[in-house]
Amino acid sequence: MFYFIVNYGGGSGHGKKTWKDVRGILDSEKVPFRAYRTKYPGHAMRIATEIVRRYSSKEIPASIVVVGGDGTVNEVLNGIMDFDRVWLGVIPTGSGNDFARGHGLPGKTVPALLHILNCDMPEKVDVGCVTGDSNAPRLFGISTGIGLDAEVCKKALQSGQKKLLNGLGLGKLTYLTLTLESLFTMKTNSGRIIFDGDLESVAHLRKLIFLSGMITRWEGGGVPMAPDADPRDGQLSCCLATDIPKWKSFFDLPFLVFGKQKKLKGFTLRDSRTIDIEMERPVVLHADGEYCGDVRRIHMEVLPRKLNLLKGGTCGDPRCSYRR
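In this text, all values refer to a predicted model and were calculated from it rather than measured experimentally.

## Remarks on the nonpolar core
The biggest cluster of nonpolar side chains holds 28 residues, and the ones touching the most others in it are Ile5, Ile51, Ile64, Val76, Leu88, Phe99 and Leu307. Of all the elements in the fold, those that place two or more residues in this core are strand 1 (2-6), helix 2 (43-55), strand 3 (62-68), helix 3 (70-79), strand 4 (86-92), helix 4 (98-102), strand 5 (123-132) and strand 15 (290-309). Considering each element in turn, this core owes the most residues, five residues, to helix 2. Ile64 has contacts with Tyr3, Ile5, Ala48, Ile51, Val52, Val76, Val86, Trp87, Leu88 and Gly89, leaving out every residue within four places of it along the chain.

## Side note on helix 9 (residues 246-257)
Taking 1.5 Å per residue as the helical rise, helix 9 with its 12 residues ought to reach 16 Å, and the 17 Å between its terminal C-alpha atoms agrees with that figure. Of the residues making up helix 9, those classed as buried are Ser249, Asp252, Leu253 and Leu256. Seen end-on, helix 9 carries its buried residues on one side only, within an arc spanning 140°. Facing away from the buried side of helix 9 by over 90 degrees, the exposed positions are Trp247 and Phe251. Positive backbone phi, at 70°, marks Gly259, one or two positions downstream of helix 9.

## Brief notes about the pairing of strand 12 (residues 236-242)
Where burial is concerned, most of strand 12 is hidden: seven out of the seven residues are buried. Alternating residues of strand 12 divide into Leu236, Cys238, Leu240 and Thr242 and Ser237, Cys239 and Ala241, and every residue in both groups is buried. The pairing of strand 12 with strand 13 (residues 267-272) spans six bridges and is classified as antiparallel. In the sheet register, Leu236 faces strand 13, and the bridge partner there is Ser272.

## With respect to unusual backbone geometry
Positive phi, close to 55°, is recorded for Lys30, a residue that is not glycine. Within the element layout of this structure, Lys30 appears in the loop between helix 1 (14-28) and strand 2 (33-37). The phi dihedral of Asn97 is positive, around 55°, even though this residue is not glycine. Within the element layout of this structure, Asn97 appears in the loop between strand 4 and helix 4. Overall, Asn97 belongs to the buried group, its relative accessible area being 19%.

## Concerning the confidence of the model for the protein
Averaged over all residues, the pLDDT of the protein is 89; the fraction at 70 or higher stands at 89%. For residues 314-320, every residue scores under 50 in pLDDT, and the model assigns this stretch 15 contacts once sequence neighbours within four places are set aside.

The rules behind the values
- Residues numbered from 1 in each chain as written.
- Predicted model: local features only at pLDDT ≥ 70, side-chain atom pairs only at ≥ 80, totals over all residues.
- Heavy atoms only, no water.
- Core = buried A, V, L, I, M, F, W, Y, C linked by side-chain atoms within 4.5 Å.
- Buried < 20%, exposed > 50% of the residue type's maximum accessible area, 1.4 Å probe, protein only.
- Helix = DSSP H or I, 4+ residues; strand = E, 2+ residues; numbered from the N terminus.
- Contact = heavy atoms within 4.5 Å.
- Expected span 1.5 Å × (residues − 1).
- Arc of directions from axis to C-beta.
- Pairing = 2+ DSSP bridges.
- pLDDT = per-residue confidence, 0-100.

And the structure:
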């Protein structure tokens, strides 16, 4: 049995068409399934929690498939109370689709579905967890961060521009235009950072522009913030930019877009299991592009090989048959 959590609004309405195509294949192949449509923000999390509670066990995990964007995937991750009892599949319909991209999942509907149906054994991949101040912990499958990228994520969630560009098939431009806008309007901040709890090597953050803790390589619709990140290595790949004049940051953006930030002064890339940050003033915090509040103290950590991800089925060809 497969349990589909469907967001019609993914990609500004593309989710509805995608689900129609998916359902047609499921019916033709006589695949047993149940489908749940999300109706409001946070609903996917509640649906996932209920599926795990009612239909799963460690002996027979529930196969949950998300038909939606990165935000819907994030909600489902946060609704899974026991990861040993779930196998997760994703059919991406959003404007960014960084979760699918970062895990090497097919972007097109038919190959994505058939990879899931034909997957005999899931791949164990890392999940991240972030806590800001006294807020509840938030899981993430792509990235968490503060500074510029978090400001952009917050604005994108409220932006009518994103909906318009999604409708034109240009959703990725939302992040680019908001990045350029935010780069010149945001105020830099200072603080300190500790990697892996090593109190003897506290680093000072002077005029922080952004800091990202990455599970996968990409965020923001395909920007390789951590070019060497591996979602199976039990590490967070941190990319941070500090003490760079804003005018110079503008010219550094192309290097970031092409994953060449290692060559730039002011950029630091480092892997660790935990990251602790304390800022002088509150900063915007995000997890997978979802706003997590304005906070001063942040704890990021990786949960190694926590998620059972349905990927790598025997075939992505539409002529393949469902085998399970």
